[in-house]
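Tertiary structure, described
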Amino acid sequence: MTKKQKKPLELYIHIPFCARKCLYCDFLSFRTLAAVHEAYVEQLIREIEAEGASCQEYQVVTVFIGGGTPSVLEPELIRDVCLAVRRAFDVAQDAEITIEVNPGTLLQNKLHIYRAAGINRVSIGLQSADNRELENLGRIHSFEEFLKSFQCARMAGFANINVDLMSGIPGQTLESWRNTLKKVTMLKPEHISAYSLIIEEGTPFWDRYGAGCEKTAAKSAHQPGTCPGEAPDRFGLRRRDYPELPDEEEENRIYHLTRTFLAEQGYERYEISNYARPGFACRHNVGYWTEVEYLGLGLGASSFLGGCRFCNERDLERYLGLDFAAEDWAERLRPQFTRLSREARMEEFMFLGLRMIRGISEIDFVATFGVKLDSVYGPVIERLVKNGLLRREGVWLSLTEWGMDVSNFVLGEFLLTSA
Ligand code: SF4
């Protein structure tokens, strides 16, 4: 099979370790010993080798090393992972290879080793330029440490840097957010992701701000539940000491400022929460939103391959105990496989594609499913266009500004299967 005939594949590599858990985080990540880092990477490399052997009909077009915090690992371990990927897979010469880093863990020599290992994009998790807000989030770094990391990344030769920001966080105001945007855009990163904080169940923030708590009762449609009372929580804070979340009106102002401010600074919004200078949209994420197949490697990593979704083992001990030389390694690694129905794939096509500002193409829909878009979604589209939530231009269907403001509602209209 020639390279021209190979199918594109994205790789996601999960490093589940962090220096400390942030207060809002529900990702699969934890703190552990350096000895475990080594054992994990050795096992990850075994997985990479086993998977590579069964993916010969693919060419890898993007690699994303995420977490967790990949930069807590010794940089030589990251280099070993990159070498293993290149040995096991056919990696395109111009592949986009990203690593997520946390300013509190970053040292200049790590960045040089990443560059030498072929990594060409760095994604730095900043969240806010306000040190008090960073503290409120439980982040391990200051804005000054971020600045140092950013400069080190430039000095190491990275010409493609993303900065992650977060809105709607405790203590944030329109002015502090404006200040964050100003300070970050002055550095001219190629890409900015600006997501809103989501209060996830099971996190310390859920105890403080989750559904039912007084402070979020106005923002939440949930029924009142139990709240921590006046007793100090596990961080020694009483409820009255918790910094306030911005209210709904302030959050709306923050959301609209993001769009206008970043546009003025030359950033094109190409997805609901992602902005880039021309030519720097994240290829890995665009692939995900446009249904390029992807393979997740490492603890708890999820994949979309051959029309199926599956997720790797999430228990570290069990993952480390897997035998990748055994015949049944794949079944043991991911016991649950979901073959998506045609309807479920259509829904995903719409949900993911409409997150992109350009929207979805009717031609792509026909090419993927063999039927016209209107034969499946005609009445829904007509109604949403009439209500000013969707726009139809030629073969493209996209969200209007208002549609983006209420995207959860609009995307929900494309459900075909009962949730
Ligand atoms: S650094 Fe990222 S993955 Fe780690 S705890 Fe914080 S938010 Fe979670």
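Procedures and definitions
Residues numbered from 1 in each chain as written. Predicted model: local features only at pLDDT ≥ 70, side-chain atom pairs only at ≥ 80, totals over all residues. Heavy atoms only, no water. Phe/Tyr/Trp six-rings, centres within 6.5 Å; stacked < 30°, edge-to-face > 60°. Helix = DSSP H or I, 4+ residues; strand = E, 2+ residues; numbered from the N terminus. Buried < 20%, exposed > 50% of the residue type's maximum accessible area, 1.4 Å probe, protein only. Lys NZ or Arg CZ within 6 Å of the ring centre and 35° of its normal. Pairing = 2+ DSSP bridges.

1. Here we look at the packing of aromatic side chains
- One pass over the structure, following the stated rule, counts 20 aromatic pairs.
- When the ring of Phe349 is compared with that of Phe365, the centres are 5.4 Å apart and the planes differ by 85°; the resulting orientation is edge-to-face. Taken together, the residues Phe349 in helix 13 (residues 342-353) and Phe365 in helix 14 (residues 362-369) connect sequence positions 16 residues apart. Like Phe365, Phe349 is buried.
- Ring geometry for Phe349 versus Phe369: centroids 5.7 Å apart, planes at 75°, classification edge-to-face. Placement of Phe349 in helix 13 and of Phe369 in helix 14 is noted, with a sequence separation of 20 residues between them. Each member of the pair, Phe349 as well as Phe369, carries the same accessibility label: buried.
- Taken together, the ring pairs connect Phe17, Phe30, Tyr40, Tyr319, Phe324 and Trp329 into an aromatic cluster.
- Cation over ring: Arg115 sits above Phe158, and NZ or CZ is 5.3 Å from the ring centre.
- Positioned over the ring face of Tyr267 is Arg277, at 4.4 Å from the centre of the ring.

2. Notes on the sheet that holds strand 15 (residues 396-399)
- Here 3 strands make up an open sheet; going across it, the order is 13-15-14 and the pairing antiparallel. Among the strands making up the open sheet, the edge pair consists of strand 13 (360-361) and strand 14 (390-393).
- Note that strand 13 and strand 15 share 2 bridges and pair antiparallel. Counted as the bridge partner of Ser361 is Trp396 from strand 15.

Fair warning: the whole summary comes from geometry, so function is off the table for now.
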